[in-house]
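What follows is each chain in one-letter form.
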Amino acid sequence: MLGMIKNSLLSTVEAWPYRVLSKGEKEQVSYEERACEGGWFAAVEVVGKPFDEASKEGALKLLKYVGGTNDKGAGMGMTAPVSITAFPAEDGSLQQKVKVSLRIPSQFQANPPCPSDESIKIEEREGMTIYSTQFGGYATEADYVNYAAKLKSALGSEAAYRKDFYFCNGYDPPMKPYGRRNEVWFVKE
């Protein structure tokens, strides 16, 4: 627990590597097309709970893992964003199923520590191209759904992307009150 607190308060945060391919703006929505690197990720699925509750539960488990609750007892440092895979229902609301994930820090990419919590899985993911829009504040399910709708509208019918899920990303620790960064990502097909 102490490692987790130290990790979130005192360590620098490593960003998920990406490069911007293009930028756009439509209907007062700014967005970017980015190429994101692949790598090893720690992920946990939470099912049967509302989005906000499930997201917090999953994020806390991952913070404990990178804070030292792993087979090496290694405090790995934090990466951003904490990425929540959301699964939209027909009406645009989110299903009660999320996958919360965190890219494992660079120095542990070659040999990620095994989680002590069996609900956390280590997954290798390919690089991907995404469409992203950004917003501030303490993000909730309603904010992510709203910005996903705005991004969908701004991209129009010409952009091809996955419709069965999208990523809800938070970059900041909960104790940061101002200048918060959140994003919605659609994965390009």
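Residues numbered from 1 in each chain as written. Predicted model: local features only at pLDDT ≥ 70, side-chain atom pairs only at ≥ 80, totals over all residues. Heavy atoms only, no water.

1. Thoughts on the nonpolar core
Here is a general trend for soluble globular proteins: nonpolar side chains tend to be buried in one another's company. Inclusion rule: Among the buried residues, those of types Ala, Val, Leu, Ile, Met, Phe, Trp, Tyr and Cys that are joined through side-chain atoms within 4.5 Å form a nonpolar core. Three labels apply to residues, based on accessible area from a 1.4 Å probe with only protein chains included: buried if under 20% of the type maximum, exposed if over 50%, partly exposed otherwise in between. Counting from the N terminus, the helices are the DSSP runs of H or I reaching at least four residues and the strands are the DSSP runs of E reaching at least two. In what follows, a contact means two residues having at least one pair of non-hydrogen atoms within 4.5 Å.
Within the largest apolar cluster, 37 residues are counted, with the highest numbers of intra-cluster contacts made by Phe-51, Val-100, Leu-155, Tyr-166, Val-184 and Phe-186. Per-element accounting of this core gives the leading share, 6 residues, to helix H2 (residues 51–67). Apart from residues no more than four positions distant in its own chain, Val-100 is found in contact with Ala-42, Ala-43, Val-44, Ala-54, Ser-55, Gly-58, Ala-59, Leu-62, Val-82, Ser-83 and Ile-84. Within the second largest apolar cluster, 12 residues are counted, among which are Cys-36, Phe-87, Phe-165 and Phe-167.

2. A few points about the pairing of strand E7 (residues 94–103)
Note the following rule: Two strands pair if DSSP finds at least two bridges between them.
The pairing of strand E4 (residues 39–47) with E7 spans 7 bridges and is classified as antiparallel. The partner of Val-47 across the bridge, within E7, is Lys-97.

3. Overview of the packing of aromatic side chains
Cut-off, in case you're wondering: Stacked, tilted and edge-to-face pairs are distinguished by plane angle, under 30 degrees for stacked and over 60 for edge-to-face with tilted covering the rest, among Phe, Tyr and Trp rings (Trp via its six-membered ring) whose centres lie within 6.5 Å. When the NZ atom of lysine or the CZ atom of arginine is within 6 Å of a ring's centre and also within 35 degrees of its normal, the charge is said to sit over that ring.
Under the defined criterion, the tally for this structure stands at 10 aromatic pairs. Centre to centre, the rings of Phe-135 and Tyr-147 are 4.1 Å apart; their planes meet at 5 degrees, and the pair counts as stacked. On the criterion of sequence distance, the pair formed by Phe-135 in strand E9 (residues 128–135) and Tyr-147 in helix H3 (residues 141–155) is long-range, its members being 12 residues apart. Note on Phe-135: relative accessible area 6%, which makes it buried. Aromatic rings pair up to connect Trp-16, Phe-41, Phe-165, Phe-167 and Trp-185 into one cluster. The side chain of Arg-34 reaches across the aromatic face of Tyr-18, ending 4.3 Å from its centre. Geometry around Tyr-147 places Lys-150 over its ring, the cationic atom sitting 4.6 Å from the centre.

4. Focus on the sheet that holds strand E3 (residues 29–36)
Heads up, the condition is: For helices, the fitted line uses only the C-alpha atoms of the stretch in contact; every axis is such a line through C-alpha atoms, and the angle between N-to-C directions lies from 0 to 180 degrees.
Spatially, E2-E3-E9-E11-E10-E6-E7-E4-E8 is the arrangement adopted by the 9 strands of the open sheet, whose pairing is antiparallel. Of all strands in the sheet, those with a lone pairing partner are strand E2 (18–26) and strand E8 (120–125), marking the two edges. Direction aside, the axes of adjacent strands within the sheet are offset by 30 degrees on average. Alignment of E9 against strand E11 (residues 182–187), held across 6 bridges, turns out to be antiparallel. Bridge pairing in E11 places Ser-132 opposite Trp-185. Against the sheet, H2 makes contact with E4, strand E6 (82–88), E7, E8 and strand E10 (166–170), and its axis sits at roughly 20 degrees relative to E7, the strand it touches most. Across the face of the sheet, H3 comes into contact with E2, E3, E7, E9, E10 and E11 while running at roughly 50 degrees to E11.

5. Some details on H2
What counts is decided by this rule: In a helix, the anticipated span is given by 1.5 Å times the number of residues less one.
Compared with an ideal rise of 1.5 Å per residue, which puts 17 residues at 24 Å, H2 spans 24 Å between its outermost C-alpha atoms and is within 8% of the ideal. When H2 is considered as a whole, its buried residues turn out to be Phe-51, Ala-54, Ser-55, Gly-58, Ala-59, Leu-62, Tyr-65, Val-66 and Gly-67.

6. Section: unusual backbone geometry
For the bond from Ala-80 to Pro-81, the omega torsion is 5 degrees, close enough to zero to count as cis. Positive phi outside glycine occurs at Glu-27, with the angle close to 55 degrees. Tracing the backbone through its elements, the reader meets Glu-27 in the loop between E2 and E3. Glu-27 sits in the exposed class, given a relative accessible area of 52%. Its identity is not glycine, yet Gln-28 carries a phi of approximately 60 degrees, on the positive side. With respect to the secondary-structure elements, Gln-28 resides in the loop between E2 and E3. Here Gln-28 falls in the exposed class, since its relative accessible area comes to 77%.

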